[in-house]
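# Summary of structural features
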Amino acid sequence: AYAIVAPSLASISIFASPDNPTSLIYAIIGALVSFCLAFLSTLFFWKEKTATPHPEEDMPKFEKTEVTANPVLMNDFTFTSPVEGKVIPLTEVNDDVFSSKIMGDGIAIVPTVGALYAPADGVIEHVFESGHAASMMTTHGVEVIFHIGIDTIQMNGQGFHPKITDGQHVKAGELLIEFDIDEITKAGYDPVVIMVITNSDRFM
């Protein structure tokens, strides 16, 4: 009888034959060669499989948050100039109420153009009937008063042309009041424009 088998430890006894003793020797040699080849192939050619990196999966996840400016920090926002002209210290204004900063800190501008603009986004709180002054609250909570000229309330609105009304929302750079510099000076008044922050203690 004949059988076809592969040389292995389990089938090694099949090759034992009293008629052909060399068959067992060849079977043992073949098994050893197979084991050696398998060992060497594994040693030199087998590589450990590594996972393919996925950068997006490896990156840490961050929760999206919104950051808002702190309304009490002065450097969190910027004012644009309300009037074209020369800026002077508030202490140089010829009016004790403003120069002493009783109403708050601010700036004064000697105007070269008769136009007052909003220095920031906000809401107009009040416009004086005489048109020489107005107040607004910016979106950052800054309370601002604009005063055009010294004692110009005595002009009873002559030379002043407000373009806004109480409660109106305005954007930075929007025209608030037009005024006639020549008419103010001819009437004997100082045309200096004053911008005061009445709650400046919160921002200093």
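Residues numbered from 1 in each chain as written. Predicted model: local features only at pLDDT ≥ 70, side-chain atom pairs only at ≥ 80, totals over all residues. Heavy atoms only, no water.

A few words now on the overall build of the chain. Secondary structure summary: the chain contains four helices and ten strands in total. Its helices and strands in sequence order give the chain the pattern α-α-β-α-β-β-β-β-β-β-β-β-α-β, from N to C terminus. Split into buried and exposed, the 204 residues of the chain put 31% on the buried side. Put simply, of all contacts in the chain between residues at least 6 apart along the chain, 65% involve residues at least 24 apart. Carbon and sulfur atoms make up 59% of the accessible area of the chain, which totals about 13,800 Å². (Helix = DSSP H or I, 4+ residues; strand = E, 2+ residues; numbered from the N terminus. Buried < 20%, exposed > 50% of the residue type's maximum accessible area, 1.4 Å probe, protein only. Contact = heavy atoms within 4.5 Å. Areas by Shrake-Rupley, 256 points an atom, 1.4 Å probe, with all protein chains shown as cover.)

Right, let's talk about the sheet that holds strand 4 (residues 122-127) for a bit. Spatial strand order, 1-2-10-6-5-4-8: seven strands in an open sheet with antiparallel pairing. Across the chains shown, the open sheet's two edge strands, defined by having one partner strand only, are strand 1 (85-88) and strand 8 (169-170). Inspection of the sheet shows strand 4 paired to strand 5 (residues 133-138) by five bridges, in the antiparallel sense. What sits directly across from Ile124, in strand 5, is Met136. (Pairing = 2+ DSSP bridges.)

Now for the nonpolar core. Counting 24 residues, the largest nonpolar core has Leu116, Ile124, Phe146, Ile148, Val170, Leu176 and Phe179 as the members making the most contacts within it. Contact partners of Leu116, with chain neighbours within four places excluded, come to Pro82, Val83, Phe146, Ile148, Glu174, Leu175, Leu176, Ile177, Phe179 and Val193. Listed in part, the nine residues of the second largest apolar core include Ala108, Ile150, Ile194 and Val196. (Core = buried A, V, L, I, M, F, W, Y, C linked by side-chain atoms within 4.5 Å.)

Quick look at unusual backbone geometry now. In this model, Lys101 sits at a positive phi of 60°, which is unusual for a non-glycine residue. Positioned with a positive phi, Asp151 is a non-glycine residue whose angle comes to about 60°. Inspection of the secondary structure assignment puts Asp151 in the loop between strand 6 (143-148) and strand 7 (160-162).

A few words now on the environment of Gly106. Checked against the element boundaries, Gly106 lands in strand 2 (residues 105-111). As a C-alpha pair, Gly106 and Val196 span 90 residues in sequence and 4.2 Å in three-dimensional space.

Quick look at the confidence of the model for the chain now. Per-residue confidence for the chain averages 78 on the pLDDT scale, and 61% of its residues sit at or above 70. In the model, residues 50-75 has pLDDT below 50 throughout and makes eleven contacts with residues more than four positions away in sequence or in other chains. (pLDDT = per-residue confidence, 0-100.)

It is worth spelling out the pairing of strand 10 (residues 193-197) at this point. Regular strands have side chains that alternate between both faces of the sheet. Within strand 10, five of the five residues are buried, which leaves the element mostly enclosed by the surrounding structure. Side chains of strand 10 alternate between two faces, with Val193, Met195 and Ile197 and Ile194 and Val196 buried alike. Bridge count for strand 2 against strand 10 is five bridges, and the pairing is antiparallel. Note that in strand 10 the partner of Gly106 across the bridge is Val196.

Looking at the element boundaries, Leu90 is found in the loop between strand 1 and helix 3 (96-99). Using a relative accessible area of 3% as the deciding quantity, one classes Leu90 as buried. For the pair formed by Leu90 and Gly106, sequence separation is 16 residues and the distance between their alpha carbons is 6.3 Å. Beyond its immediate sequence surroundings of up to four residues, Leu90 is in contact with Phe98, Ser99, Lys101, Gly104, Asp105, Gly106, Ile107, Ala108, Ile194 and Val196.

Attention shifts here to the sheet that holds strand 9 (residues 175-179). Strands sit in the order 3-9-7 across an open sheet of three strands; the sheet is antiparallel. Both outer strands of the open sheet, strand 3 (115-117) and strand 7, are each paired with one neighbouring strand and no more. Neighbour to neighbour, the strand axes of the sheet diverge by 15° on average, direction disregarded. (Axes fitted to C-alpha atoms, helices over the stretch in contact; angles between N-to-C directions.)

What follows concerns the side chain of His147. Mapped onto the elements of the fold, His147 is located in strand 6. Separated by 2.7 Å, the side chain of His147 and the backbone oxygen of Gly149 make a polar contact. Excluding residues within four positions of it along the chain, His147 makes contact with Phe98, His132, Ala133, Thr152, Val192, Val193 and Ile194. (Polar contact = N/O pair within 3.5 Å; in protein donor to acceptor, adjacent residues only side chain to side chain.)

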